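Understanding the architecture of this molecule
Each chain, letter by letter, is given below.
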Amino acid sequence: MPRRKSNDEPEQTAPRVKKAPSPPRSSVWIALGVLLLALLLSFRFDLAVDQWVAGHRDLFWEGTAKACSRYFAWHFLILGAVGAGVIAWWRARRDLVRIFCVMIVAASVAGLSADILRGVLGRTRPSAKVTQGWYGPRSGSEWLIGKHAYNSFPSGHTTAATGFALPLFFWRRRWGWVAVPFIAAVAAARVYLGAHHLSDVLAGMLLGALLASWIWRRFTARSWAAEPA
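For clarity, every value in this text was computed on a predicted model and none was experimentally measured.

1. Digging into the nonpolar core
Of all hydrophobic cores here, the largest spans 44 residues; its most connected members are Ile99, Phe164, Phe182 and Trp216. Mapped by element, the contributors of at least two residues to this core are helix 1 (25–42), helix 3 (59–71), helix 4 (74–90), helix 5 (94–121), helix 6 (156–171), helix 7 (176–192) and helix 8 (198–221). Sorting elements by how many residues they give to this core places helix 8 first, with ten residues. Residues in contact with phenylalanine 164, not counting those within four places in the same chain, are Leu77, Ala81, Met103, Ala107 and Phe182.

Listed below in structure tokens is the structure:
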């Protein structure tokens, strides 16, 4: 027979559950609105920025930009997150493992979305040896999808970097001092190398922020994102 519970025994309650934090919707919409306004204005300054960059080349900063552009590319970000996730799993830090998983998903979705968009839009890069413009996926009888010179808008590096870094900022606000400069450094490197226009990197920031916010909210809505308080 099951033992009857005595009135003197303390009643057992289920552990309280603490969900992962989610950024206030008002703050997110304000930040996205500012990014959108900056993007719309940036089209007027693309040419001036391109000309300034071309006239201010420096070997040190060019090398720094190349290193930043290379080692902050999508595959290196994913490799770093996987390595950090393995260490977190070994140390039994399930909260960190989950965050790294979200960062990987957000960066991958953002980077793939940017690749699809820039393949369809066909905007020329500043360094392209062709007439600047928007050519779409096809020009005449030639398909431009996948051609480097016609894959400028939006910046894939910046989009993936934004999707990668923002979940860390959403999780712990104090990590913003790492996330925000990281995104800015990737964007600046791509512009300095002549790989993208100013509007390209701002569009990448906006797209990456939209997707990272959406994925983070889906993440916080799931039960596996919860931790006992």
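Next, the rest of the story.
2. Comments concerning helix 3
When the terminal C-alpha atoms of helix 3 are compared, their 18 Å separation across 13 residues agrees well with the 18 Å that a helix rising 1.5 Å per residue should span. For helix 3, the capping residue at the N-terminal end is aspartate 58, with a side-chain oxygen 3.0 Å from the backbone nitrogen of phenylalanine 60.

3. Observations concerning the packing of helix 5 against helix 6
Running from N to C, helix 5 and helix 6 point in directions that differ by 155°, and their axes come no closer than 7 Å. With respect to each other, helix 5 and helix 6 are oriented roughly antiparallel. Crossing angle aside, the handedness with which helix 5 passes helix 6 is right-handed. Side by side, helix 5 and helix 6 meet where Asp95, Leu96, Ile99, Val102, Met103, Ala106, Ala107, Ala110, Gly111, Ala114 and Arg118 of the first sit next to Gly156, Thr159, Ala160, Gly163, Phe164, Pro167, Leu168 and Trp171 of the second. Within the contact of helix 5 with helix 6, the residues separate by chemical class into 13 nonpolar, four polar and two charged.

4. Comments concerning the packing of aromatic side chains
Tallying each qualifying case throughout the model produces eleven aromatic pairs. Between tryptophan 175 and tryptophan 177, the aromatic rings sit 6.5 Å apart at their centres with planes inclined by 15°, giving stacked as the arrangement. Each ring, one from tryptophan 216 and one from phenylalanine 219, has its centre 4.7 Å from the other, and the planes form 40°; the classification is tilted. Of this pair, tryptophan 216 and phenylalanine 219 both sit in helix 8, separated by three residues, roughly a single helical turn. Comparing tryptophan 216 with phenylalanine 219 shows no difference in burial state: the two are buried. Linked through ring pairs, Phe169, Phe170, Trp216 and Phe219 together constitute an aromatic cluster. Taking the ring centre of tyrosine 192 as reference, the NZ or CZ of arginine 57 above it sits at 4.9 Å. Positioned over the ring face of phenylalanine 169 is arginine 173, at 5.8 Å from the centre of the ring.

Definitions and cut-offs
Residues numbered from 1 in each chain as written. Predicted model: local features only at pLDDT ≥ 70, side-chain atom pairs only at ≥ 80, totals over all residues. Heavy atoms only, no water. Core = buried A, V, L, I, M, F, W, Y, C linked by side-chain atoms within 4.5 Å. Buried < 20%, exposed > 50% of the residue type's maximum accessible area, 1.4 Å probe, protein only. Helix = DSSP H or I, 4+ residues; strand = E, 2+ residues; numbered from the N terminus. Contact = heavy atoms within 4.5 Å. Expected span 1.5 Å × (residues − 1). Polar contact = N/O pair within 3.5 Å; in protein donor to acceptor, adjacent residues only side chain to side chain. Axes fitted to C-alpha atoms, helices over the stretch in contact; angles between N-to-C directions. Parallel < 35°, antiparallel > 145°, perpendicular 65-115°, else oblique. Left-handed = near helix turned anticlockwise from the far one by under 90°. Nonpolar A, V, L, I, M, F, W, Y, C, P; charged D, E, K, R; others polar. Phe/Tyr/Trp six-rings, centres within 6.5 Å; stacked < 30°, edge-to-face > 60°. Lys NZ or Arg CZ within 6 Å of the ring centre and 35° of its normal.

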